[in-house]
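So the chains spell out like this:
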Amino acid sequence: MSEQELPATGHQVIDAAEKYGVKHLFTLSGAHIFPLYDACEKRPNAPALVDTRSEQTAGFAAEATARLTRTPGFVAATAGPGVTNLVTPITSAFFNGAPVVAIGGRSPDFRWGLGALQELDHPPLFESVTKSALTAHDSEQVGYLTQQAFATALSPHQGPTFLDIPMDKLFTPAPVTGEHLADVKRPTPDLAHLDEALRVLNSSHRPVFIAGGDIWQNKVEEQFQNLIEQIKIPVIVNGMARGILPPSDPLLVTPARSHALKNADVVVVAGTPLDFRLGYGDFGDAQVIFVSDDPLASRQAKAIRLTGDLLELVGILSTNLTKSIGTQSWKDELHARSSVIRLSNQELMRTRGDLIHPAEIYGELIPRLTQSTITIGDGGDFVSFAGKFIEPERPGRWLDPGPFGALGTAMGYTLAAGKAFPSDPLVVLLGDGAAGFSLMDVDSLVRHKIPATIIVGNNAGWGLERHPMRFLYGYDVLADLEPSRYDQVVEALGGAGEVVESIWELGPALDRAMNSGVPYLVNVMTDPEVAYPRTTTGI
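These numbers come from a predicted model, not from an experiment.

A. Up close: the overall build of the chain. Along the backbone of the chain there are 22 helices and 17 strands. Here the chain has a C-alpha radius of gyration of 24 Å; the compact-globule value for 539 residues is 24 Å, and the two agree. Looking at the 539 residues of the chain, the share that counts as buried comes to 57%. Residue pairs at least 24 apart in sequence account for 76% of intrachain contacts in the chain once pairs closer than 6 positions are excluded. In the structure as shown, the chain presents an accessible area of about 22,100 Å², 53% of it carried by carbon and sulfur atoms.

B. View of the side chain of Thr-272. By the secondary structure assignment, Thr-272 is in the loop between strand E9 (266–270) and strand E10 (287–292). At a separation of 3.3 Å, a polar atom in the side chain of Thr-272 contacts the side chain of Arg-277. Among residues more than four places away in sequence, those in contact with Thr-272 are Ile-210, Gly-212, Asp-214, Asn-238, Arg-277, Leu-278 and Phe-290.

C. Highlighting the nonpolar core. Membership of the largest hydrophobic core comes to 50 residues, with the highest contact counts inside it found for Phe-26, Val-100, Met-411, Leu-430, Leu-439 and Ile-454. Apart from the residues lying within four places of it in its own chain, the contact partners of Leu-430 are Asp-378, Phe-382, Ala-410, Met-411, Ala-435, Leu-439, Ile-454, Ile-455, Val-456 and Gly-457.

D. Representation of the packing of helix H3 (residues 55–69) against helix H17 (residues 410–420) in the model. For the pair H3 and H17, the least separation of the axes is 7 Å and the interaxial angle reads 50 degrees. In terms of orientation, H3 lies oblique with respect to H17. The way H3 lies across H17 gives a crossing that is right-handed. In this structure, H3 uses Thr-57, Phe-60, Ala-61, Glu-63, Ala-64, Thr-65, Arg-67, Leu-68 and Thr-69 to contact H17, whose residues at the interface are Met-411, Gly-412, Tyr-413, Ala-416, Ala-417 and Ala-420.

E. Examining the layout of surface pockets more closely. Of the volumes computed, that of the second largest pocket is approximately 420 Å³. Ile-366, Leu-369, Phe-389, Ile-390 and Glu-391 are, among the 23 residues lining the second largest pocket, the residues nearest its centre. Listed by contribution, the elements that provide at least two residues to the lining of the second largest pocket are helix H14 (328–349), helix H15 (358–365) and helix H16 (381–389). Counting residues per element, the lining of the second largest pocket draws most heavily on H14, at four residues. Residue composition of the lining of the second largest pocket, grouped by class: nine nonpolar, seven polar and seven charged.

F. Main features of the environment of Gln-147. Mapped onto the fold, Gln-147 is located in helix H7 (residues 142–154). On the accessibility criterion, Gln-147 (3% relative accessible area) is buried. In sequence terms Gln-147 and Ile-14 are 133 residues apart; their C-alpha atoms lie 10.0 Å from each other. One polar contact links the side chain of Gln-147 to the main-chain amide nitrogen of Ala-182, over a distance of 3.0 Å.

G. Structural context of unusual backbone geometry. At the junction of Pro-156 and His-157, the peptide bond is cis and its omega measures out at -10 degrees in the coordinates. Tracing the backbone through its elements, the reader meets His-157 in the loop between H7 and strand E6 (161–166). Here Tyr-280, not a glycine, exhibits a phi torsion of approximately 60 degrees, which is positive. Note on placement: Tyr-280 falls in the loop between E9 and E10. Of the residues examined, Tyr-280 reaches a relative accessible area of 42% and is grouped as partly exposed.

H. Structural view of the sheet that holds strand E13 (residues 398–399). Here we have six strands laid out as an open sheet, ordered E13-E12-E14-E15-E17-E16, and parallel in their pairing. One side of each edge strand has no neighbouring strand; the edge strands of this open sheet are E13 and strand E16 (496–500). Relative to strand E17 (residues 519–525), E16 runs parallel, the two being bridged by five bridges. Bridge pairing in E17 links Glu-498 to Val-522.

I. Highlighting a nonpolar patch on the surface. On the surface, a nonpolar cluster with roughly 800 Å² of combined accessible area is contributed by Phe-471, Leu-472, Tyr-473, Tyr-475, Val-477 and Leu-478. Mapped onto the secondary structure, Phe-471 falls in helix H20 (residues 463–473). Take Phe-471: its relative accessible area is 71%, and that puts it in the exposed class.

J. Spotlight on the side chain of Asp-432. Mapped onto the fold, Asp-432 is located in helix H18 (residues 432–438). It turns out Asp-432 is buried and unbridged, and the closest side chain with the opposite charge, Arg-466, is 7.1 Å from it. For Asp-432, the side chain forms a polar contact with the main-chain nitrogen of Gly-461, separated by 3.2 Å. Excluding residues within four positions of it along the chain, Asp-432 makes contact with Val-456, Gly-457, Asn-458, Asn-459, Ala-460, Gly-461, Leu-481 and Tyr-486.

K. Highlighting the pairing of strand E3 (residues 73–77). With respect to burial, E3 is a largely interior element, five of its five residues being buried. Every second residue of E3 is oriented toward a common face, with Gly-73, Val-75 and Ala-77 on one face and Phe-74 and Ala-76 on the other, all of them buried. Sheet analysis places strand E1 (residues 24–27) next to E3, joined by two bridges and oriented parallel. Along E3, the bridge assignment pairs Phe-26 with Val-75. Direction of pairing for E3 relative to strand E4 (residues 100–106): parallel, over a ladder of five bridges. Considered in E4, the bridge of Val-75 is made with Ala-102.

L. View of the sheet that holds strand E11 (residues 304–307). The strand order E8-E7-E9-E10-E11 describes an open sheet built from five strands, whose pairing is parallel. Bordering the open sheet on either side are strand E8 (235–237) and E11, each of which pairs with just one other strand. On average, each strand axis in the sheet is inclined to that of its neighbour by 15 degrees, with strand direction left out of account. Sheet topology places strand E7 (residues 207–211) next to E9; five bridges connect them, and they run parallel. Bridging from a neighbouring strand, Pro-207 pairs with Val-266 of E9. Taken strand by strand, helix H9 (residues 194–202) contacts E9, E10 and E11, and its axis lies near 120 degrees from that of E11.

Reading the values: the criteria
Residues numbered from 1 in each chain as written. Predicted model: local features only at pLDDT ≥ 70, side-chain atom pairs only at ≥ 80, totals over all residues. Heavy atoms only, no water. Helix = DSSP H or I, 4+ residues; strand = E, 2+ residues; numbered from the N terminus. Rg over C-alpha atoms; globule rule 2.2 N^0.38 Å. Buried < 20%, exposed > 50% of the residue type's maximum accessible area, 1.4 Å probe, protein only. Contact = heavy atoms within 4.5 Å. Areas by Shrake-Rupley, 256 points an atom, 1.4 Å probe, with all protein chains shown as cover. Polar contact = N/O pair within 3.5 Å; in protein donor to acceptor, adjacent residues only side chain to side chain. Core = buried A, V, L, I, M, F, W, Y, C linked by side-chain atoms within 4.5 Å. Axes fitted to C-alpha atoms, helices over the stretch in contact; angles between N-to-C directions. Parallel < 35°, antiparallel > 145°, perpendicular 65-115°, else oblique. Left-handed = near helix turned anticlockwise from the far one by under 90°. 1 Å grid on protein atoms, 1.4 Å probe; cavity = no way out; pocket = protein on both sides within 12 Å on 5 of 7 lines; lining within 4 Å. Points joined across faces, edges and corners; volume = space filled by probe spheres on them. Nonpolar A, V, L, I, M, F, W, Y, C, P; charged D, E, K, R; others polar. Pairing = 2+ DSSP bridges. Patch = residues over 30% accessible without salt bridge, like charges linked within 9 Å, V, L, I, M, F, W, Y side chains within 5 Å. Salt bridge = Lys/Arg side-chain N within 4 Å of Asp/Glu carboxyl O. Lys, Arg positive; Asp, Glu negative; His and termini not counted.

Here you go:
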């Protein structure tokens, strides 16, 4: 084949994506990466192009794809500001252990240093928040480096990778080779403390097992369920592990989390770091067993550590733990406390006052959720209430920003969910502050025909800052927003919506939204004086 007949190097990138099962490429059009689009248009098995109104939304869509489908998320951005707009979503993917491959355009090598348009050395921006960040300077190596990027992203502990390709190299004709897939590497197990962990667990009277999102991400949920059925330890869930046990299971005691962690004698933590959400692993006098696929995670925490492939580690625990662990009275106590808290939550959700309490919204919403509903949270206090009240029936149906706490995730997450699961209902819980970050990308939902029920908890302010500042200083500043008509913004972008000022209007409004077949925003005016009763500051 002559050079004139060879496809541009961009085809190597898309060939690699095909081999790793990628279905969608999220992007915003830019000339530096035109060969990627050409390859997607011409190759029969190429990922479908999904364009957004900002690279940030495209990046969050790739992250959500990785977390919801447990296949690689794929995003491409043009050089300079297009790539820098990916920094926040790639960092979010890094904190969430999401395997995302980000491709960046880059100014041409032959002009490098002369001040070409959008000339910027991108990899240093990503080195601390990716597993690899490289530049491909050889056209014939682009396919190999792209495969390596996918394999690295998928190798535990999973996370994002970044590869930028100079414009002159991406446009250069080059052969697409049939080389073997790069290997996804499994972590070497470290079981030096296994006997100690088994002894501690077998002698425990008040154990608790915390399951995090990596249990879901690594497809270990079935083995985890079997382990819990075998050893009957009370379970607390967070992140994408929500729903790994149904709310009806008496061993699911997440509502009683605070009491459980204060009184446990052994806490097993698997698939989530010992970060601020878990008090940095300090559970009083309890011994901590930390099960992770990342040997570098939470190194400062005092814990008995088991590291390696999570599927293998859970299997080893199942093989060695063959009987119920902990006293029945402890399990009954946590189950009873969870039941009381759930009843208390239901009473709070039935609160009726002159102004709408955020909890009331969930009282109307939760009965309308199905087992298939994907619930997406993007906000502060309003979404914290959602985390308190909503207990999914299945794992992989709850998506929030995670420990990095980025705002502006909602439209990207929703776009990805709609593309991956077009038949499943989507509910988006959006703080009015968070709405300012990404609401314009409702345009992308409209263009790609993604229906969603979007609920804005509109307290006309930054509640997560307003109340702590009042506590510290006796006043607040920079915390006020307008009670804006976000529903009218969505209408202007081709969706639909309405404003709700009375709780009695909310149920019918939600029904209209869920049956609309379009992005439909229900703009709920809530009591600005209500603060979420959080127990952690993140510090």
